[in-house]
Amino acid sequence: PPRVDYVKLPAVRKVGPEKYEPRTLTASFETVHSLRAELVLKSVQSFQPHVLLVDHSPVGMKGELLPTLNWLGTHEHSTITILGLRDIIDSPEAVTKLWKEKGIYSVLAKSYDHILIYGTQSIYDPLSSYDFNDDLRRKTRFCNYVGAEQIQPQKLNGRKTISNQRPLVVVTIGGGDGAGETVIGNFINAIQMHQAEVNFDSVIVAGPFLPKELYLKYKKAVRNLRVTVKAFLPSTASLIKRSDLVVATGGYNTITDILGFAKRALIIPRIMHRQEQHIRATRLAEL
């Protein structure tokens, strides 16, 4: 958008509970962590923003935001600090244990002016689940679920077309880390086994982080099927809007689009390093 720029931090990926590694650089994790922390600190010191909005992790990845938060706490400035959280982070036991061990409750109390919850308290209540005390509750506001407001049609280039006369099934696994074989592989196997009974078209969005060998395997497997496989789309919202059924993992953005368009869905939660998706899928099933 106009008057907007960005500072790109070197990418990392999660490989275990509280364990990360560089996604693309060959440098050590320690080097990348230090570089990320320094870039954020220098950006805040130089730009002196009116608002610092921190997404999801109160102290950043492995504490990378602590130098910035500490600097803001010891210097005169007009920056308003805001923490934005998904309604479900992980199991209550895991979150409260980690936050107590890492001193997160103290950071929430001292370093943040406001906490925004991207969700609805009646569906999941993080204030109770994650032991927010009265002071933290007073600075917390629920924003309802945050989804796409304007849906732009996605072009599906290729020889296959999607018929408006046939039902459409959309399969998505978010970014593509994990769940490839479980969701996409089994879906394609089911289509192959029951070709005579399949009366619908399918679009599979594999995600940019699905291993390349799996992506090529799936592209080859659907050559003679009414199935389109895409590695990446800027947004799956327009596809979900057109769909008759969504088969998906349980990530926040995908679920928000499914709820926003009131679609039938089969949710297969990805459970790798946290229970977030399992909790979300279970709670929606209860409701």
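Scroll up to find the structure this text is about.
The residue numbers shown here count from 1 along each chain, following its written sequence. This being a predicted model, a pLDDT of at least 70 is required before a residue's local features are given, and a value of 80 or more before pairs of side-chain atoms are given or counted; all residues contribute to the totals for chains, interfaces and linings. Only hydrogens and water are removed before side-chain values are computed, so all heavy atoms of the structure are retained for them.

**Q** Any chance you could explain the environment of alanine 221 here in plain terms?
**A** Looking at the secondary structure, you find alanine 221 in helix α8 (residues 212-221). Residue exposure (1.4 Å probe, protein chains only): buried if accessible area is under 20% of the type maximum, exposed if over 50%, otherwise partly exposed. You can call alanine 221 partly exposed: its relative accessible area is 28%. Alanine 221 sits 130 residues away from serine 91 along the chain, and the two C-alpha atoms are 37 Å apart. Ignoring anything within four residues of it in the chain, the contact list for alanine 221 reads Ile188 and Gln192. Comment: elements are numbered from the N terminus, with helices defined as DSSP H or I runs of at least four residues and strands as E runs of at least two. In this description, contact between two residues means that some pair of their heavy atoms is separated by no more than 4.5 Å.

**Q** So what exactly am I meant to see when it comes to the sheet that holds strand β11 (residues 265-267) here?
**A** Whether parallel or antiparallel, the strands of a sheet pair through hydrogen bonds between backbone atoms. With parallel pairing, five strands are arranged side by side in an open sheet as β9-β8-β7-β10-β11. Each edge of the open sheet is held by one strand with a lone partner, namely β9 (227-230) and β11. Strand-to-strand twist in this sheet, taken as the mean axis angle between neighbours without regard to direction, amounts to 15 degrees. Examined bridge by bridge, strand β10 (residues 245-248) and β11 share three bridges and lie parallel to one another. If you follow valine 247 over to β11, its bridge partner there is leucine 266. Orientation is described by lines fitted to C-alpha atoms, with helices fitted over the stretch in contact, and by angles between N-to-C directions that extend from 0 to 180 degrees. Those strands touched by helix α7 (residues 180-193) are β7 (168-172), β8 (201-205), β9 and β10, and its axis lies near 160 degrees from that of β8. Note: two strands are recorded as paired if DSSP finds a minimum of 2 bridges between them.

**Q** Help me understand the sheet that holds strand β5 (residues 114-118), please; the structure alone is not making it clear to me.
**A** Pairing is parallel in the open sheet, where four strands are placed in the order β3-β4-β5-β6. Because the sheet does not close on itself, it has two edges, and the strands there are β3 (51-55) and β6 (140-142). Within this sheet the neighbouring strands show an average axis-to-axis angle of 25 degrees, counted without direction. Relative to β5, strand β4 (residues 80-86) is paired through five bridges, and the arrangement is parallel. If you follow leucine 83 over to β5, its bridge partner there is isoleucine 115.

**Q** Would you mind going over the side chain of glutamine 277 with me for this structure?
**A** With respect to the helices and strands, the residue glutamine 277 is situated in helix α11 (residues 276-286). By the criterion applied in these results, polar contacts are pairs of N or O atoms within 3.5 Å in which, for protein atoms, one can donate a hydrogen and the other can accept it, and in which residues neighboring in sequence qualify only through two side-chain atoms. Only 2.7 Å separates the side chain of glutamine 277 from the backbone nitrogen of arginine 270, close enough to count as a polar contact. Other than its neighbours up to four places away in sequence, glutamine 277 contacts Thr249, Gly250, Gly251, Pro269 and Arg270.

**Q** Would you mind going over the pairing of strand β2 (residues 19-22) with me for this structure?
**A** Working note: regular strand, side chains alternate between the two faces of the sheet. Where strand β1 (residues 12-16) and β2 come together, four bridges link them in antiparallel fashion. Across the sheet, valine 12 pairs through a bridge with proline 22, a residue of β2. Hairpin geometry of β1 and β2 is characterised by an intervening segment of two residues between the two adjacent antiparallel strands and by a positive phi of about 55 degrees at glutamate 18.

**Q** Would you take a moment to explain helix α4 (residues 104-111) for this structure?
**A** Because each turn of an α-helix spans 3.6 residues, side chains separated by three or four positions in sequence point in the same direction. Within α4, burial applies to Ile104, Tyr105, Val107, Leu108 and Ser111. Projected onto a plane normal to the axis of α4, the buried residues spread over an arc of 170 degrees and lie on a single side. Elements in contact with the buried residues of α4: α2 (66-74), β4, α3 (92-102), β5 and α6 (134-138). Summarising the geometry, the arc corresponds to the directions from the helix axis toward the C-beta atoms.

**Q** Hey, could you run me through a nonpolar patch on the surface in this one?
**A** Patch criteria: residues need more than 30% relative accessible area and no salt bridge. Like-charged residues are merged within 9 Å; nonpolar side chains of Val, Leu, Ile, Met, Phe, Trp and Tyr are merged within 5 Å. Accessible surface is estimated by sampling points in the Shrake-Rupley manner with a 1.4 Å probe; for residues, cover comes only from the protein chains shown. When a carboxyl oxygen of Asp or Glu lies within 4 Å of a side-chain nitrogen of Lys or Arg, that pair is called a salt bridge. Residues Val51, Leu53 and Ile80 make up a contiguous nonpolar surface patch of roughly 260 Å² in combined accessible area. In this structure, valine 51 sits in strand β3. Judged by its relative accessible area of 47%, valine 51 is partly exposed.

**Q** Even after reading the chapter, I still don't get the nonpolar core, so can you show me in this structure?
**A** Across soluble globular proteins, you tend to see nonpolar side chains buried next to one another. In terms of nonpolar packing, the biggest core is built from 29 residues, with Leu85, Trp99, Leu108, Tyr112, Ile115, Tyr130 and Phe132 touching the most fellow members. Considering each element in turn, this core owes the most residues, four residues, to α4. Beyond its immediate chain neighbours, meaning those up to four positions away, isoleucine 115 contacts Leu83, Leu85, Leu108, Phe132, Leu136, Lys139, Thr140 and Arg141. Counting 21 residues, the second largest nonpolar core, distinct from the first, contains Val171, Leu210, Val229 and Val247. We define the nonpolar core as a collection of buried residues of types Ala, Val, Leu, Ile, Met, Phe, Trp, Tyr and Cys that are connected through side-chain atoms lying within 4.5 Å of one another.

**Q** How should I be thinking about the packing of aromatic side chains in this particular structure?
**A** Aromatic rings from Phe, Tyr and Trp, taking only the six-membered ring of Trp, are treated as a pair when their centres fall within 6.5 Å; an angle between ring planes under 30 degrees marks them as stacked, one over 60 as edge-to-face, and anything in between as tilted. One pass over the full model with this rule turns up five aromatic pairs. Taking the centre distance of 5.5 Å and the plane angle of 80 degrees together, the rings of tryptophan 99 and tyrosine 105 count as edge-to-face. Plain terms: the ring middles of tryptophan 99 and tyrosine 130 are 6.2 Å apart, the flat faces sit at 55 degrees to each other, and that makes the pair tilted. On the criterion of sequence distance, the pair formed by tryptophan 99 in helix α3 and tyrosine 130 in the loop between α5 (126-129) and α6 is long-range, its members being 31 residues apart. Just as tryptophan 99 is buried, tyrosine 130 falls in that class too. Each residue in the set Trp99, Tyr105, Tyr124, Tyr130 and Phe132 is aromatic and connected to the rest through ring pairs, giving one cluster. Two limits define a charge over a ring: the Lys NZ or Arg CZ must be within 6 Å of the ring centre, and within 35 degrees of the ring normal. Over the face of the ring belonging to phenylalanine 209 we find arginine 23, whose NZ or CZ atom lies 3.7 Å from the ring centre.

**Q** Just to check I follow, could you spell out the packing of α3 against α4 for this structure?
**A** Close contact between α3 and α4 brings their axes to 5 Å; oriented N to C, the two are set at 70 degrees. Viewed along their axes, α3 and α4 adopt a mutual orientation that is roughly perpendicular. In this structure, α3 contributes Thr96, Trp99, Lys100 and Lys102 to the contact, and α4 contributes Ile104, Tyr105 and Leu108. In this count, Pro and Cys sit with the nonpolar residues alongside Ala, Val, Leu, Ile, Met, Phe, Trp and Tyr, while Asp, Glu, Lys and Arg are called charged and the others, Gly among them, polar. Residue composition of the contact of α3 with α4, by class: four nonpolar, one polar and two charged. Comment on the angle field: the value is read as roughly parallel under 35 degrees, roughly antiparallel over 145, roughly perpendicular from 65 to 115, and oblique elsewhere.

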